[in-house]
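Working through the structure, step by step
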Amino acid sequence: MVVTLDLERTVERDLFPENAFPVEVWDLSRLRRLVQGNQVLEDNLEELAASTLLDDDRFDWPEYTLHDHPPDKGVPIERRGLAISESLRSTMAGQTDWRAFEKHCETALRYLFREEIGAWKAQNKTDDELNRMDIIGRINVGSRSFWSVVEQDFRTRYVVFEAKNYSDPITQGEIYTTEKYLFTKALRSVALIIARNGCDDGAKSAISGTLREQGKLILVLTLTELCTMLERSDKGDAPENLLYQKMDDLLMSVGR
């Protein structure tokens, strides 16, 4: 049985108990190992995986949220963005609230980009288990949005999202860590970092270098900017307007 999913061994044993009936399962991790080193097959496999992956449709506001204390389910549609932003602003910077901050960021991203991105997955590990991404999502094929432009221009199918609840601006170290999660051959070359207090000059330099040398796009949103996007979405503003601006600023300023 060939499946384009990453099945953990425990899940595989649950689905196919040993000696119950003869079956051999080839999951996505095994398929990737088999085609490793052949760029054509690697690209074809990732295209196949992207086209056959089922969307995670559990997120349907307000019936499903990731909040420990979600906003009132009676919140009218014109105030949902505000409700999420208030939850984000209620968190404290630093280690104490890092997990709550990450959860609220995920809820915000799912809400803002619910039409453009699907197949959301949190705490996703690479198949070698060396890297763990906070959140990853797949750009929906055929969507007409900022993400469809990114998909075409940067040859990506997946977007990595990171949440950094630091008291200080993030540094180049956090940029290089995120860059390790990006893999162009796996159609994963774009990341969006939610950094509570933005990034310093060293991080900005690292972002430019990553784009210039490897063609990987990393954008950074502050907590204030994310909350502004949420609140403006209640008024009908497209959330990707700010992302277009940030991408334009980066692409027009990067040097050779």
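Scroll up to find the structure.
Given the structure is predicted, the values throughout are model-derived calculations rather than measurements. (Residues numbered from 1 in each chain as written. Predicted model: local features only at pLDDT ≥ 70, side-chain atom pairs only at ≥ 80, totals over all residues. Heavy atoms only, no water.)

1. Topic: the packing of helix α4 (residues 80–89) against helix α5 (residues 98–112)
Applied cut-off: Only the stretch in contact is used when a helix axis is fitted, and all axes are lines through C-alpha atoms; the angle between N-to-C directions ranges over 0 to 180 degrees. Secondary structure is summarised from DSSP: a helix means a run of H or I of at least four residues, a strand means a run of E of at least two, and numbering begins at the N terminus for each. When describing relative orientation, an angle under 35 degrees is termed roughly parallel and one over 145 degrees roughly antiparallel, while 65 to 115 degrees is termed roughly perpendicular and anything else oblique. In this scheme the crossing of two helices becomes right-handed for a clockwise turn of the near helix relative to the far one and left-handed for an anticlockwise turn of less than a right angle. For this analysis, residues touch if any pair of their heavy atoms sits within 4.5 Å. Under the grouping applied here, Gly and all other residues not named as nonpolar or charged are polar, the nonpolar ones being Ala, Val, Leu, Ile, Met, Phe, Trp, Tyr, Cys and Pro and the charged ones Asp, Glu, Lys and Arg.
Contact pair α4 / α5: the axes reach a minimum separation of 9 Å and the direction vectors enclose 160 degrees. Overall, the two elements α4 and α5 adopt an arrangement that is roughly antiparallel. Between α4 and α5 lies a crossing of left-handed hand. Here R80, G81, I84, S87 and L88 of α4 come into contact with α5, specifically with F101, H104, C105, T107, A108 and Y111. Looking at side-chain class alone, the contact of α4 with α5 contains six nonpolar, four polar and one charged residues.

2. Concerning the environment of G198
Within the secondary structure, G198 is located in the loop between β4 (190–195) and α8 (201–214). C-alpha separation for the pair G198 and L223, spaced 25 residues apart in sequence, amounts to 7.8 Å. Not counting the four nearest positions on each side in its chain, G198 is found in contact with P169, I170, V220 and T222.

3. What to know about the side chain of T210
Relative to the helices and strands, T210 resides in helix α8. Not counting residues up to four positions away in its chain, the partners in contact with T210 are I175, E179, G215, K216 and I218.

4. With respect to the environment of N140
Counted only if it meets this: Polar contact is defined as a pair of N or O atoms within 3.5 Å, subject to the rule that within protein one atom must be able to donate a hydrogen and the other to accept it, and that residues adjacent in sequence are counted only when both atoms are side-chain atoms.
Residue placement: N140 occurs in the loop between β2 (132–139) and α6 (146–153). Here E115 takes part through its backbone oxygen, which lies 3.1 Å from a polar atom of the side chain of N140.

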